[in-house]
Amino acid sequence: MRCMMCERFSLSHICPACQDSLLTPTLHKRKIMGSIPVYSFFPYNDIEPLLLTKHTDVGYYIYTILAKRSLGAFAREWGYENRVASIGIDDHVLSGYSHTAVLNRVLKSPNITPYYGKLRAREHYKYAGKSVEERLMNPRQFHYKPFPENEVILVDDIVTTGTTLGEAFEVLHAQGKKVILCLTLTDAENK
C-alpha cells in the first residue's frame, strides 16, 4: 500500500518516516468545568485530514497510529499513586469500530484500566460545526454503567467546546466518580 502522507510504498497506512516527521505529539492543555485538565497531543490543523477518516474503513488504522503515538506514550510515562479507570466517551461501534475505544485501548498500563461501554450516549445528535448553544440544547444524555475505580480519565478524539466532556463529567460526578483529567487527540482551539 502507499503512505497517505508521502505516497511511498509502506507496510502501514502512514509510513514510519512520516509518522516520525509529521506525527510527533506536542502536549496542549486547557481546562473544563473550571479545574479539570484536558490534554491534547496534536494541533488540529496538523491532523484534520486524518480525523476525517474516523467513519471510514481506513479510520481504524489511522486512529490506531495516532493513539499509539500520543495516548499510548502518555500511559507509558504517566505516574499516579492510585489505579484509575479510563472511559472512552460514547464508544459505540460505528463503521465497524469505535474510534474512542481504539484511543482508550492504548491506555492500558499498570495504573490505568480501560473500560468499554460504561458511558454511552442515548442521543446521537451530530455536534460537528454546531454552536455551543445548539450543543447545550441537545445533550448526549449519557447512560452510566458501574465500574470499580473511583478516579477516571475521560477519552475522546477532539475537544471543541468542552460540552461533551463536561456532560460526561457531570454524569460520573453524580455517581461518586472523580474525573482527574481528560485526554484527546486534538483541541479545536489549538490550530
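Residues numbered from 1 in each chain as written. Predicted model: local features only at pLDDT ≥ 70, side-chain atom pairs only at ≥ 80, totals over all residues. Heavy atoms only, no water.

Trainee: Could you clarify how one ought to interpret the sheet that holds strand β3 (residues 84–88) in this entry?
Mentor: In sheet architecture, strand pairing relies on hydrogen bonds along the backbone and comes in two forms, parallel and antiparallel. Taking strand neighbours across the sheet as the criterion, the six strands line up as β1-β2-β8-β7-β3-β4 in an open arrangement whose pairing is mixed. Edge positions in the sheet fall to β1 (28–32) and β4 (112–115), since each of these pairs with one other strand and no more. Strand-to-strand twist across the sheet, computed as the mean angle between neighbouring axes with direction ignored, equals 25°. Looking at chain direction, β1 and strand β2 (residues 36–43) are connected through five bridges and run antiparallel. What sits directly across from K29, in β2, is Y39. (Pairing = 2+ DSSP bridges. Helix = DSSP H or I, 4+ residues; strand = E, 2+ residues; numbered from the N terminus. Axes fitted to C-alpha atoms, helices over the stretch in contact; angles between N-to-C directions.)

Trainee: In this structure, what is going on with unusual backbone geometry? I would like to understand it.
Mentor: Leaving glycine aside, a negative phi is the common case for residues, and trans is the common case for peptide bonds. One non-glycine residue, E7, adopts positive backbone phi at about 70°. With respect to the helices and strands, the residue E7 is situated in the segment before α1 (16–22). Owing to a relative accessible area of 53%, E7 belongs among the exposed residues under this scheme. The residue M33 is not glycine, and still its phi comes out positive at about 55°. Inspection of the secondary structure puts M33 in the loop between β1 and β2. (Buried < 20%, exposed > 50% of the residue type's maximum accessible area, 1.4 Å probe, protein only.)

Trainee: Just checking my understanding: could you explain the nonpolar core for this structure?
Mentor: Inside soluble globular proteins, nonpolar side chains tend to come together where they are buried. Ranked by internal contacts, the top residues of the largest apolar core, which has 34 residues, are L71, I153, L183 and L185. Going through the elements one at a time, β2, α2 (44–51), α3 (59–77), α4 (99–105), β7 (151–159) and β8 (178–187) are the ones with two or more residues in this core. In terms of residue count, the dominant contributor to this core is α3 (eight residues). (Core = buried A, V, L, I, M, F, W, Y, C linked by side-chain atoms within 4.5 Å.)

Trainee: Explain the pattern of salt bridges to me, please; I cannot follow it from the model alone.
Mentor: In a structure, side chains of opposite charge can pair up when their charged atoms sit close to one another. In the structure shown here, the tally under the stated rule is five salt bridges. For the salt bridge of E189 with R30, the shortest nitrogen-to-oxygen distance reads 3.4 Å. Linking E189 in the segment after β8 with R30 in strand β1, this pair joins segments that are 159 residues apart in sequence. In this structure E189 comes out as exposed when scored by relative accessible area, which is 56%. Salt-bridge contacts for K54 lead to D157; the nearest nitrogen and oxygen are separated by 2.9 Å. One end of the pair, K54, is in the loop between α2 and α3; the other, D157, is in strand β7, and 103 residues separate them in sequence. Several salt bridges converge on common partners, so that one network encompasses R30, D187 and E189. (Salt bridge = Lys/Arg side-chain N within 4 Å of Asp/Glu carboxyl O.)

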